[in-house]
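What follows is each chain in one-letter form.
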Amino acid sequence: MTAQMVPDLSHTPGIYYAIAYWLGCTFYILQNPNRALWPRLLVLQPVFFAIIAAFMTATDGLPVIWFIPCVCFYVLMMLLDIKVCRGMSWLKTGYLCVRAFVLGELAAALEWQLFYYGLTALKLPLTMPVNLGFLVLTHTVVFGTMFLIERNDRAGYLRVITWREFAGAAALCLAVFVASNLSYVSQNTPFSSRFTAEIFIIRTLVDVVGVVMLHTYHVQLQELDTKLEMAHLQNMLQMQYNNYRISEDSIALVNQKYHDLKHQIALLRSQVSAGEKLGLLDQMEQEIRAYEAQNKTGNQVLDTMLTAKSLECQRENISLTCVADGQALSFMQPMDLSALFGNALDNAIESVKKLRDPEKRLIHVSVARQKNFLRIRVENCYEGELSFTEGVPASTKQDSRYHGFGLKSIQNTAAKYDGSMTIAARDGWFELRILFPLLPSREKEV
């Protein structure tokens, strides 16, 4: 009976690699899923599995010369699977494909090694239940372990994968694949073996090292990405605060000029008697009073930001209205307050400027207490369809590397004060909502 089993066990059937590769793709496709993913996943995943399984079964046992072309086809199918299901950039898709491929290699190698050990050392019978038992157990352990390791991870969803980062991951994958399969190509090297058990051990250990190295590489990329993101957010925060300080000085100068202008009008009024000129002077004085009355919310920082953005909106023919209880914001530091409203209004202005209809160039800001919370809303009109990626509107720019930093800054500022940020888009209105709890200590400040 042993003579009937052992020859077949020296070679891992292609169907087992097909299952492992497919599960590897599915594992990374399902990281951070959304509702729009499931219909495509349920339809496309069985199709890709059927293609990969059929091809690997048909090409099983071909001469070594066909080994590399077949592997390239497997990788291509995995790449298309992730690309079609996730819809990410090709570099991000390639990066996840590399990780899925090495993880699949490990799952298939470990499963067949344990199965081989069970039949040869433990003398288990060569039956379908035994085969399925090792298959289910091994894949549960491998993919379950990876899930536990990466459950709090962004799972490859770095903001941007560059060619350099992808090339690093691909080089690691290639080195692991060559080292793990060297014994199948040539057994006359210092790093290969002629014995089946040793070949399986080498292949599994190399794949384990490969998975660990790629995960470590991924963690390093995330740490670097986080550092760059935080540095950029800090620069934006400082920039918004600097803009606030400049606007404060500029508006103070404008107020001084308007104050001087009031005295000039008073002088002209005493010397001019014509009714038409008096009417013009009344109009000028009314406009000055309107200017002095605007953006008096009770918070100097908010007043400065709103006045500066109001002047910008006037230049762009945008209507900006505001109803705000500025005193309720007194618990926030000036830099945080200027960054929050600066980023929110900058995003709204950038969006509204694209509208051709002047009647739709509307922005409304409200700040109000609501029970034990402070609610901030920044609303603006928009046209077209908006798609969201990880809760943030997807970029329409060619270079999306720095897209979303304004909203990320707002989100971080809200979290700093135990608040939250939500976004809604419906019926032609885009709404940014920020909610802060009014704690007893903050009530005292207010």
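Rules of the game
Residues numbered from 1 in each chain as written. Predicted model: local features only at pLDDT ≥ 70, side-chain atom pairs only at ≥ 80, totals over all residues. Heavy atoms only, no water. Helix = DSSP H or I, 4+ residues; strand = E, 2+ residues; numbered from the N terminus. Buried < 20%, exposed > 50% of the residue type's maximum accessible area, 1.4 Å probe, protein only. Contact = heavy atoms within 4.5 Å. Areas by Shrake-Rupley, 256 points an atom, 1.4 Å probe, with all protein chains shown as cover. Pairing = 2+ DSSP bridges. Axes fitted to C-alpha atoms, helices over the stretch in contact; angles between N-to-C directions. pLDDT = per-residue confidence, 0-100. Phe/Tyr/Trp six-rings, centres within 6.5 Å; stacked < 30°, edge-to-face > 60°. Patch = residues over 30% accessible without salt bridge, like charges linked within 9 Å, V, L, I, M, F, W, Y side chains within 5 Å. Salt bridge = Lys/Arg side-chain N within 4 Å of Asp/Glu carboxyl O. Parallel < 35°, antiparallel > 145°, perpendicular 65-115°, else oblique. Left-handed = near helix turned anticlockwise from the far one by under 90°. Nonpolar A, V, L, I, M, F, W, Y, C, P; charged D, E, K, R; others polar. Polar contact = N/O pair within 3.5 Å; in protein donor to acceptor, adjacent residues only side chain to side chain. Core = buried A, V, L, I, M, F, W, Y, C linked by side-chain atoms within 4.5 Å.

Engineer: Mind showing me how you'd approach the overall build of the chain here?
Structural biologist: A count of helical and extended segments in the chain gives 13 helices and seven strands. Classification of the 446 residues of the chain by burial places 41% in the buried group. Considering only residue pairs separated by 6 or more positions, the chain has 72% of its internal contacts joining residues 24 or more positions apart. Taken as a whole, the chain presents about 24,300 Å² of accessible surface, with 61% of it coming from carbon and sulfur.

Engineer: Which parts of the structure should I look at to understand the sheet that holds strand E2 (residues 362–370)?
Structural biologist: Across a sheet, paired strands are connected by hydrogen bonds in the backbone, their directions being either parallel or antiparallel. Strand order in the open sheet made by the five strands is E1-E2-E3-E7-E6, with mixed pairing throughout. Unpaired on one side and paired on the other, strand E1 (319–324) and strand E6 (420–426) mark the two borders of the sheet. On average, each strand axis in the sheet is tilted by 10 degrees relative to the strand beside it, whichever way the strands run. The sheet contact formed by E1 and E2 spans six bridges and is parallel. Within E2, the residue paired with Ser 319 across the bridge is Leu 362. Along the sheet, helix H10 (residues 300–315) makes contact with E1 and E2, crossing E1 at roughly 165 degrees.

Engineer: Help me out: how do you make sense of unusual backbone geometry in this one?
Structural biologist: Leave glycine aside and you will find that most residues have negative phi; peptide bonds, for their part, are mostly trans. Of note, the phi angle at Lys 123 is positive, near 60 degrees, even though the residue is not glycine. Turning to its location among the elements, Lys 123 is positioned in the loop between helix H5 (90–120) and helix H6 (128–150). One non-glycine residue, Asn 317, lies in positive phi territory at about 60 degrees. Tracing the sequence through the fold places Asn 317 in the loop between H10 and E1.

Engineer: Hey, could you run me through the confidence of the model for the chain in this one?
Structural biologist: For residues with low pLDDT, the predicted coordinates do not support detailed interpretation. Looking at the chain, pLDDT values average 78 and 71% of them are 70 or higher. Within the model, the stretch residues 1–7 combines pLDDT values under 50 with two contacts to residues more than four positions away or in other chains. Confidence drops under pLDDT 50 across residues 398–403; counting only partners more than four residues distant or on other chains, this segment forms nine contacts.

Engineer: When you look at the environment of Gln 327 in this model, what are you seeing that I'm missing?
Structural biologist: In this fold, Gln 327 is placed in the loop between E1 and helix H11 (334–352). For Gln 327, a relative accessible area of 46% gives the class partly exposed. For Gln 327 and Gln 300, which are 27 residues apart along the polypeptide, the C-alpha to C-alpha distance reads 9.3 Å.

Engineer: Before we go on, may I ask you to explain the pairing of strand E3 (residues 373–381) in this structure?
Structural biologist: Every regular strand shows the same layout, with side chains that alternate between the two sheet faces. The pairing of E2 with E3 spans eight bridges and is classified as antiparallel. Its bridge partner being in E3, Arg 369 is matched across the sheet by Leu 374. Between E2 and E3, which follow one another and run antiparallel, lie two residues, and Lys 371 among them has a positive phi close to 55 degrees. Inspection of the sheet shows E3 paired to strand E7 (residues 429–437) by nine bridges, in the antiparallel sense. The residue bridging Ile 376 from the neighbouring strand is Ile 434, located in E7.

Engineer: Mind showing me how you'd approach the packing of aromatic side chains here?
Structural biologist: Two aromatic rings are characterised by how far apart their centres lie and by the angle between their planes. A complete count under the given rule lists 18 aromatic pairs for this structure. A ring pair is formed by Trp 112 and Phe 115, whose centres lie 5.1 Å apart and whose planes are at 55 degrees; its orientation type is tilted. With Trp 112 and Phe 115 both in helix H5, this residue pair falls three residues apart, about one helical turn. Judged by relative accessible area, which is 4%, Trp 112 ranks as buried.

Engineer: I tried to follow a nonpolar patch on the surface on my own but got confused; where do I start?
Structural biologist: A surface patch of nonpolar side chains, about 330 Å² in accessible area, is lined by Trp 38, Leu 42 and Val 43. Summarising the element assignment, Leu 42 is placed in helix H3 (residues 37–58).

Engineer: Is there a simple way to explain the packing of H10 against H11 in this structure?
Structural biologist: Between two packed helices, what matters for the description is the angle formed by their axes and the separation of those axes. Axis separation between H10 and H11 bottoms out at 9 Å; the angle between their running directions is 20 degrees. Regarding the angle of H10 to H11, the classification is roughly parallel. In terms of crossing hand, the pair formed by H10 and H11 is right-handed. In this structure, H10 uses Val 301, Leu 302, Met 305, Leu 306, Lys 309, Glu 312 and Cys 313 to contact H11, whose residues at the interface are Pro 334, Leu 337, Ser 338, Phe 341, Gly 342, Leu 345, Asp 346 and Ile 349. Looking at side-chain class alone, the contact of H10 with H11 contains 10 nonpolar, two polar and three charged residues.

Engineer: Explain the packing of helix H4 (residues 67–86) against H5 to me, please; I cannot follow it from the model alone.
Structural biologist: In contact at an axis separation of 9 Å, H4 and H5 are set at 125 degrees when each is read in the N-to-C sense. With respect to H5, the element H4 is oriented oblique. The two elements H4 and H5 meet at a crossing, and its hand is right-handed. Contacts between H4 and H5 involve Val 71, Val 75, Met 78, Leu 79, Leu 80, Ile 82 and Lys 83 on the former and, on the latter, Trp 90, Thr 93, Gly 94, Leu 96, Cys 97, Ala 100 and Phe 101.

Engineer: Whenever I open this one, the side chain of Asn 299 confuses me. Can you help?
Structural biologist: In this fold, Asn 299 is placed in the loop between helix H9 (275–293) and H10. Among the polar contacts made by the side chain of Asn 299, one reaches the main-chain amide nitrogen of Val 301 at a distance of 3.1 Å. Polar contacts involving the side chain of Asn 299 include one to the main-chain amide nitrogen of Leu 302, which spans 3.0 Å. For Asn 299, the residues in contact, after removing those within four places along its chain, are Gly 326, Leu 329, Ser 330 and Leu 337.

Engineer: Would you take a moment to explain the environment of Ala 50 for this structure?
Structural biologist: Of note, Ala 50 is situated in helix H3. Along the backbone, Ala 50 and Ala 18 are 32 residues apart, and their C-alpha atoms lie at a distance of 9.1 Å.

Engineer: Just to check I follow, could you spell out the nonpolar core for this structure?
Structural biologist: For soluble globular proteins, the rule of thumb is that nonpolar side chains tend to be buried together. In terms of nonpolar packing, the biggest core is built from 45 residues, with Ile 82, Phe 101 and Leu 103 touching the most fellow members. Of all the secondary structure elements, the ones that give two or more residues to this core are helix H2 (14–29), H3, H4, H5, H6, helix H7 (163–185) and helix H8 (196–271). The leading source of residues in this core is H5, at 12 residues. Residues Cys 313, Leu 320, Leu 340 and Ile 376 belong to the second largest nonpolar core, which totals 38 residues.

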